[in-house]
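Next come the chains, spelled out residue by residue.
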Amino acid sequence: MSILQAENVVKTYERPGSTTVEALRGVNLTLAAGEFVAVTGSSGSGKSTLLTVLSGLDLPDSGRVLIAGTEVSSAPEEKLASLRNQKIGFIFQDFHLVPSLNAWENVAFPAELAGKAEARAQARALLERVGLGQRLASFPHQLSGGEKQRVALCRAVINRPALLFADEPTGNLDTRNGQEVVELLLELKAESGSTLLLVTHSEALAGLAGRVLVMSDGRFL
Ligand SMILES: Nc1ncnc2c1ncn2[C@@H]1O[C@H](COP(=O)(O)OP(=O)(O)OP(=O)(O)O)[C@@H](O)[C@H]1O
Ligand SMILES: [Mg+2]
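Residues numbered from 1 in each chain as written. Chains lettered and ligands numbered in written order. Predicted model: local features only at pLDDT ≥ 70, side-chain atom pairs only at ≥ 80, totals over all residues. Heavy atoms only, no water.

A. Local environment of the pairing of strand 9 (residues 211-216). Examined bridge by bridge, strand 3 (residues 36-41) and strand 9 share five bridges and lie parallel to one another. The partner of A38 across the bridge, within strand 9, is V212. Relative to strand 10 (residues 219-220), strand 9 runs antiparallel, the two being bridged by two bridges. Looking at strand 10, one finds that M215 is bridged to F220. Counting the residues that bridge the hairpin from strand 9 to strand 10 gives two residues, and of these D217 lies at a positive phi of roughly 50°. (Pairing = 2+ DSSP bridges. Helix = DSSP H or I, 4+ residues; strand = E, 2+ residues; numbered from the N terminus.)

So this is what it looks like as structure tokens:
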């Protein structure tokens, strides 16, 4: 069964001086439930754009994206918001934690948004699970890069999303912290039965995936 389907997805950006960049030039992709797919390719080839469009964070100019059977372009904003909250987890290279919330609050937030009474308890259990049980009250600026990424990982999986997107999740981490984050990511992915689409420049990390897709100039090679 497919959890994500992209058909002929095109995305262009306007650049100052009215030139346009074709970041995605007709991408087709089907992801099956539970898959781990890695995306590689040179800088500027469209990998981050692909993730933002496939996750519904941004809309394509043309083509279709279906997430769990819902067409993203035509879904009303309210439906899209709940889809993002409940079906999708996103991990960024630079963490994207909310600076004014502590680790515990950052992780609990998506579950509270989904109206889960157990949000706080689940967030605490997840943070303990990734070795941050003593850092619940720490704010992002008080955490190391590896710690911040482990918080971001907990936040991404708290609603057990069908789809996990990760854009160079180890790009800002040293080798040891990167390996730790990858191990935890794969463990938590397996537990929630999520599909993982991960962008990386690391051949070693791509090698762990079931499929590797190479992007070049807005298309898969
Ligand atoms: N918001 C934007 N406005 C204008 N152009 C953009 C914007 N975002 C990306 N681009 C352009 O779209 C193309 C694809 O960018 P994208 O960020 O998807 O590449 P990438 O493969 O993720 O690169 P990297 O490996 O460096 O992260 C590039 O030419 C980039 O300059
Ligand atoms: Mg990128």
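After that view of the structure, there is still more to cover.
B. Expanded view of the sheet that holds strand 9. Taken together, the six strands give an open sheet; going across it, the order is 6-7-8-3-9-10, and neighbouring strands pair in mixed fashion. Pairing within the sheet leaves two strands with one partner each, and these edge strands are strand 6 (88-91) and strand 10. The sheet contact formed by strand 6 and strand 7 (residues 163-167) spans four bridges and is parallel. Residue pairing in the sheet places I88 in a bridge with L163 of strand 7. In the packing of helix 2 (residues 77-87) onto the sheet, the strands contacted are strand 6 and strand 7, and the crossing angle to strand 6 comes to about 70°. (Contact = heavy atoms within 4.5 Å. Axes fitted to C-alpha atoms, helices over the stretch in contact; angles between N-to-C directions.)

C. Summary view of the site of ligand 1. Every one of the 15 residues lining ligand 1 counts as a neighbour, but S43, G44, K47, S48 and T49 are closest to it. Backbone polar atom of S45 to an oxygen atom of ligand 1: 3.3 Å apart, as the coordinates give it. In this structure, S48 approaches ligand 1 through a side-chain N or O atom, which is 2.9 Å from an oxygen atom. Alone, ligand 1 offers 640 Å² of accessible surface; in the complex the protein occludes 65% of this. Placement of ligand 1 is best described as lying within the second largest pocket. For the shell around ligand 1, the secondary-structure elements that each account for two or more residues are strand 1 (2-15), strand 2 (19-32) and helix 1 (47-54). (Near = heavy atom within 4 Å. Polar contact = N/O pair within 3.5 Å; in protein donor to acceptor, adjacent residues only side chain to side chain. Areas by Shrake-Rupley, 256 points an atom, 1.4 Å probe, with all protein chains shown as cover. 1 Å grid on protein atoms, 1.4 Å probe; cavity = no way out; pocket = protein on both sides within 12 Å on 5 of 7 lines; lining within 4 Å. Sits in = over half its atoms within 2 Å of the grid points.)

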